[in-house]
Amino acid sequence: MARGYPETLEASLAGLDWPNWIDRMREITDEDGYTETLGEDHAAILVEHSTILLVCFENYDTIDVASTEQQPAGWDVARRMGWSSLTLVSRSQSWFRAAPVYGYFDRLVDDGFFEEFEQVIFYGAGACGYAAAAYSVAAPGARVLLVQPQATLDPAIAGWDTRFRAERRRDFKSRYGYAPDMLEAADRAMVLYDPAIKEDAMHAALFERSVASTLKLRFMGPKLGSALARMNLVTPLLHALEETELSELPVAFARILRARREDAPYLKAMLAFLEKKERLKLVVLLAHHALRHAPSPRFRSSLRAAYHRAKVLGLDMPPLDQTG
């Protein structure tokens with residue numbers, strides 16, 4: 001385990017329902033931290049290891065799907081970096097809008113908990129991105145990475161976002177409510193989103209702040225957080241956030257995100273866009289590139305179809321190399 005991270009955190013939690021998962025968490029975090037329930041539907045899991053603290057927000061259902069060991073994703077990042085970890089887990093999609101969660105962060109502030117760390121980094125995606133921004137105000141000077149976050153679901157502000165109609169009934173007006181305003185105490189923040197998803201782009205616009213920079217990631221789709229995890233990019237992005245000044249973060253992030261050029265789902269999404277636009281030469285160039293990095297019948301079929309279509313239209317095309 002990296003940098004002497006507590007060996008107890010290698011334990012598997014697979015196959016456990018919420019009550020038993022919490023009980024097992026209490027056992028394995030007892031020596032190096034704690035697991036505390038926050039009402040019936042939320043929990044806080046702390047593992048103390050270093051003076052850098054990663055605060056992650058995750059949903060129990062997502063943990064169950066994403067990890068074969070049913071461990072929080074934040075643990076993997078913390079292990080790799082040798083950081084302390086505070087994971088807030090919700091039993092369901094709650095946007096962490098619950099009085100026990102407010103009270104927990106109030107208590108951390110009153111106890112000066114975040115002041116014990118040299119650096120605090122908040123991370124979350126989607127509804128968890130909303131929460132990461134909203135509660136980052138509890139740790140002034142924190143650095144924050146948000147992946148396609150919602151700014152609020154208050155229909156008076158975000159009535160155009162109809163994806164979560166049932167959740168509009170939650171209270172987004174009281175404490176820790178409007179996530180963009182809660183970023184004002186942060187040292188720096190990055191907001192990642194796919195501009196093709198209209199609602200995500202509109203939420204991202206609401207996060208425009210002097211401490212925040214946004215980065216458009218076209219063709220990444222509606223599950224951007226999962227895509228970044230699939231490409232093992234969350235850890236290097238958080239590392240860059242720790243070390244890089246805000247003005248330099250977009251360039252640093254763009255450099256890391258070049259890895260998506262070898263990711264088959266990303267390349268397929270871009271290919272579908274180019275095919276729809278009948279950008280045949282670009283289809284050929286992309287398919288040749290994809291076949292070198294992510295061989296797939298999909299790319300080979302698109303390559304041949306592009307040449308056939310170009311012949312029908314009488315267009316000149318680059319030579320068909322051996323990858324086709």
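Parameters at a glance
Residues numbered from 1 in each chain as written. Predicted model: local features only at pLDDT ≥ 70, side-chain atom pairs only at ≥ 80, totals over all residues. Heavy atoms only, no water. Helix = DSSP H or I, 4+ residues; strand = E, 2+ residues; numbered from the N terminus. Rg over C-alpha atoms; globule rule 2.2 N^0.38 Å. Areas by Shrake-Rupley, 256 points an atom, 1.4 Å probe, with all protein chains shown as cover. Buried < 20%, exposed > 50% of the residue type's maximum accessible area, 1.4 Å probe, protein only. Contact = heavy atoms within 4.5 Å. Phe/Tyr/Trp six-rings, centres within 6.5 Å; stacked < 30°, edge-to-face > 60°. Lys NZ or Arg CZ within 6 Å of the ring centre and 35° of its normal. Pairing = 2+ DSSP bridges. Axes fitted to C-alpha atoms, helices over the stretch in contact; angles between N-to-C directions. 1 Å grid on protein atoms, 1.4 Å probe; cavity = no way out; pocket = protein on both sides within 12 Å on 5 of 7 lines; lining within 4 Å. Points joined across faces, edges and corners; volume = space filled by probe spheres on them. Nonpolar A, V, L, I, M, F, W, Y, C, P; charged D, E, K, R; others polar. Right-handed = clockwise from strand over helix to strand, strands pointing away.

**Points about the overall build of the chain**
- For the chain, the helix and strand inventory stands at 14 helices and eight strands.
- In terms of overall size, the chain behaves like a compact globule, its C-alpha atoms giving a radius of gyration of 22 Å where 324 residues would be expected to give roughly 20 Å.
- Considering only C-alpha atoms, the chain reaches an extent of 75 × 45 × 40 Å along its principal axes.
- Accessible area for the chain stands at about 14,900 Å²; split by element, carbon and sulfur atoms hold 49% of it.

**Regarding the side chain of Asp 200**
- Relative to the helices and strands, Asp 200 resides in helix α8 (residues 198-206).
- Of the residues examined, Asp 200 reaches a relative accessible area of 2% and is grouped as buried.
- In this structure, Asp 200 is in contact with Gln 148, Arg 163, Tyr 193 and Asp 194, ignoring residues within four places of it in sequence.

**Side note on the packing of aromatic side chains**
- A complete count under the given rule lists 19 aromatic pairs for this structure.
- Relative to Tyr 176, the ring of Tyr 102 lies with its centre 6.2 Å away and its plane at 35°, an arrangement referred to as tilted. Of the two residues, Tyr 102 sits in helix α4 (residues 99-110) while Tyr 176 sits in the loop between α6 (155-158) and α7 (179-182), which places them 74 residues apart along the sequence.
- Among the residues examined, Tyr 102 registers a relative accessible area of 12% and is labelled buried.
- Here the aromatic residues Phe 57, Phe 96, Tyr 102, Tyr 104, Phe 105, Phe 113, Phe 114, Phe 117, Phe 122, Tyr 135 and Tyr 176 are joined through ring pairs into a cluster of three or more.
- Its guanidinium or amino end placed over the ring of Phe 172, Arg 97 lies 5.7 Å from that ring's centre, counting from NZ or CZ.
- The residue whose ring lies beneath Arg 218 is Phe 273, and the NZ or CZ to ring-centre distance is 5.2 Å.

**Quick notes on the sheet that holds strand β5 (residues 119-125)**
- As summarised here, the arrangement of the eight strands in space is β1-β2-β4-β3-β5-β6-β7-β8, forming an open sheet in which the pairing is mixed. Bordering the open sheet on either side are β1 (33-37) and β8 (212-216), each of which pairs with just one other strand. On average, each strand axis in the sheet is inclined to that of its neighbour by 10°, with strand direction left out of account.
- Here five bridges tie β1 to strand β2 (residues 42-47), and the two strands are oriented antiparallel to one another. Its bridge partner being in β2, Gly 33 is matched across the sheet by Val 47.
- Its contacts with the sheet put helix α5 (residues 127-135) on β3 (52-59), β5 and β6 (143-147), and the angle it makes with β5 is roughly 150°.

**Here we look at the environment of Lys 198**
- Along the polypeptide, Lys 198 turns up in helix α8.
- The sequence separation of Lys 198 and Arg 260 amounts to 62 residues, and the corresponding C-alpha distance is 22 Å.

**A closer look at the layout of surface pockets**
- A volume near 1,200 Å³ is recorded for the largest pocket.
- Around the largest pocket sit 42 residues that line it, and Thr 62, Ala 125, Gly 225, Ser 226 and Ala 229 are the ones nearest its centre.
- Looking at the lining of the largest pocket, the elements with two or more residues in it are β3, α2 (60-66), α3 (73-81), β5, α5, α9 (224-230) and α10 (234-243).
- With six residues, the top contributor of residues to the lining of the largest pocket is α3.
- Looking at the lining of the largest pocket residue by residue, the classes come out as 19 nonpolar, 15 polar and eight charged.

**A word on the pairing of β5**
- When you tally the buried positions in β5, you get six out of seven residues, the bulk of the element.
- With five bridges connecting them, β3 and β5 associate as parallel partners. Of the residues in β5, the one forming a bridge with Val 55 is Phe 122.
- Sheet topology places β5 next to β6; five bridges connect them, and they run parallel. Bridging across to β6, Ala 125 finds its partner in Val 147.
- A crossover links β5 with its parallel partner β6, the connecting element being α5, and its sense is right-handed.

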